[in-house]
Amino acid sequence: MRRVLCLSHSTDVDGIASAALLKLAKNAEVKLVDYGDFIEALRDISNASELYICDLGLSPETAQLFFNEVNRIKGIAKITYIDHHPKVRGYRYASKANFRVIHSLKDCAAALTYNEFRNVLPKNASVIAAYAALTDYLENGPIASQILDLHDRIHLYYEAAMLAYAIEWLRGAPKKLASIVDGLSRLVYPHKIKGVAEAASRQAERVLVFLKRIRKEGVVKRGYAYVDAGVFPKGLAANLVRCFFETPVGLAYKLKTNSPYIELSLRASSHYSKDLGSITQRLASEVGGFGGGHSKASGARIPRESLQRFLQALEELL
């Protein structure tokens, strides 16, 4: 019996949607992972015939570990890596035997996944990829723009926003996130999936509370604004502080108790012309950390004592 596995990003619509499309197209067994545990998840794979890895970009810290596991697993399984983050250079990549890469900087992972399997997917499965394209701010990609034209925009915005808010609220609840994957794979609209509407409503209230914090605690610099995210999701916090202060870039950071590191998320407006991912990767490396992402969204982990250096250097580059 063939065993098809899918490892996909657990914390945003793109990863969840990619997993749902693979469950629908290939009857894949799905495991949702984040950047902190996906290498360990790869190490646990010993019995599979096909493996799909979706929306899990590589960093200088994880790249060689990733390719070490790919070279091991491709001895037993065909591997397809579907991603839209910038490729990491300078590492020993796996050979093409049993290892295929589907990659684009212009479309999200779910749009790439849909495009790969569109001949075996139901026509209305395109809506799953549309949710991801909207929430990843890649709706103008060559694949996504065609998909979005197949659907009413207002309906898409409603369902995509509800899905994104629910996923944010349900972080750390793997069974509930898995139920969302299952519902999407059965072509159930997000507002009809059990628990999604309630989770989205709670997240919406949480956003309103955080906006009040931004008004009091947000800091505006030349070219960007930043805020301490606290327990609030960093990526959403970065986007909210950017929008509130009407700056091209927003940054949110999170201090973890007893950790020597600070985690950062950055978000840029749709009109921002520079590559935020490249800027973040460069600056994080210069202060002794690591980071990366794509042109409009990025993240980093840096030493606690390097935060002010990073912020000052960011102001100079932006």
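Structure: above.
Residues numbered from 1 in each chain as written. Predicted model: local features only at pLDDT ≥ 70, side-chain atom pairs only at ≥ 80, totals over all residues. Heavy atoms only, no water.

K.L.:
Would you mind going over the overall build of the chain in detail, with residue names and values included?
P.N.:
Counting its regular elements, the chain contains twelve helices and eleven strands. In terms of overall size, the chain behaves like a compact globule, its C-alpha atoms giving a radius of gyration of 19 Å where 318 residues would be expected to give roughly 20 Å. Seen through its C-alpha atoms, the chain measures out along the principal axes to roughly 55 × 45 × 35 Å. Buried residues in the chain amount to 53% of all 318 residues. For the chain, the share of sequence-separated contacts (at least 6 apart) that also reach a separation of at least 24 residues comes to 63%. For the chain, the exposed area adds up to about 15,200 Å²; of that, 50% sits on carbon and sulfur atoms. Mean positive and mean negative side-chain charge positions of the chain (43 and 32 charges, respectively) differ by 2 Å. (Helix = DSSP H or I, 4+ residues; strand = E, 2+ residues; numbered from the N terminus. Rg over C-alpha atoms; globule rule 2.2 N^0.38 Å. Buried < 20%, exposed > 50% of the residue type's maximum accessible area, 1.4 Å probe, protein only. Contact = heavy atoms within 4.5 Å. Areas by Shrake-Rupley, 256 points an atom, 1.4 Å probe, with all protein chains shown as cover. Lys, Arg positive; Asp, Glu negative; His and termini not counted. Charge placed at Lys NZ, Arg CZ, Asp CG, Glu CD.)

K.L.:
So, the packing of helix α7 (residues 153-169) against helix α9 (residues 196-217): which residues are in play, and what are the values?
P.N.:
Two numbers describe how α7 lies on α9: the axes approach to 7 Å, and their chain directions differ by 80°. Relative to α9, α7 is oriented roughly perpendicular. Of the residues in α9, those in contact with M162, Y165, A166, E168 and W169 of α7 are V196, A197, A199, A200, R202, Q203, A204, R206 and V207. Looking at the contact of α7 with α9 residue by residue, the class counts come to ten nonpolar, one polar and three charged. (Axes fitted to C-alpha atoms, helices over the stretch in contact; angles between N-to-C directions. Parallel < 35°, antiparallel > 145°, perpendicular 65-115°, else oblique. Nonpolar A, V, L, I, M, F, W, Y, C, P; charged D, E, K, R; others polar.)

K.L.:
Describe the packing of aromatic side chains, and please don't skip the residues or the numbers.
P.N.:
Under the criterion given, the structure shown has nine aromatic pairs. Both rings, one in F66 and one in Y81, keep their centres 5.1 Å apart while their planes meet at 45°; by these two values the pair is tilted. Taken together, the residues F66 in helix α3 (residues 63-73) and Y81 in strand β4 (residues 78-83) connect sequence positions 15 residues apart. Residue classification places F66 among the buried positions, given a relative accessible area of 0%. Exposure remark for Y81: the relative accessible area of 8% places this residue in the buried category. (Phe/Tyr/Trp six-rings, centres within 6.5 Å; stacked < 30°, edge-to-face > 60°.)

K.L.:
Break down the pattern of salt bridges for me, citing the residues and quoting the values.
P.N.:
All chains considered together, the criterion is met by 15 salt bridges. Between K26 and E50 there is a salt bridge, with the nearest N and O atoms lying 3.3 Å from each other. Taken together, the residues span a long stretch of sequence, with K26 in helix α1 (residues 13-26) and E50 in strand β3 (residues 50-54) at a distance of 24 residues. Owing to a relative accessible area of 27%, K26 belongs among the partly exposed residues under this scheme. When its relative accessible area of 11% is taken as the criterion, E50 is described as buried. For E263, the salt bridge goes to K256, with nearest N and O atoms at 3.4 Å. According to the relative accessible area criterion, K256 is partly exposed, its value standing at 40%. (Salt bridge = Lys/Arg side-chain N within 4 Å of Asp/Glu carboxyl O.)

K.L.:
Can you explain unusual backbone geometry? Please cite residues and give values.
P.N.:
One non-glycine residue, D55, lies in the positive phi region at around 55°. Position of D55 relative to the elements: it lies in the loop between β3 and α3. Unusually for a residue other than glycine, N98 sits at a positive phi of about 65°. Relative to the elements of secondary structure, N98 occurs in the loop between β4 and β5 (99-103). Residue class for N98 comes out partly exposed when judged on its relative accessible area of 35%.

K.L.:
Account for the sheet that holds strand β10 (residues 290-293), naming residues and giving values.
P.N.:
Taken in spatial order, the six strands line up as β6-β7-β8-β9-β11-β10 in an open sheet, and their pairing is mixed. In this open sheet, the two strands that pair with only one neighbour each are β6 (219-221) and β10. For this sheet, the mean inter-axis angle between neighbouring strands, taken without regard to orientation, is 20°. Looking at chain direction, strand β8 (residues 249-255) and strand β9 (residues 261-268) are connected through seven bridges and run antiparallel. Note that in β9 the partner of A252 across the bridge is S265. Against the sheet, α9 contacts β6 and β7 (224-228), and its axis sits at roughly 115° relative to β7. (Pairing = 2+ DSSP bridges.)

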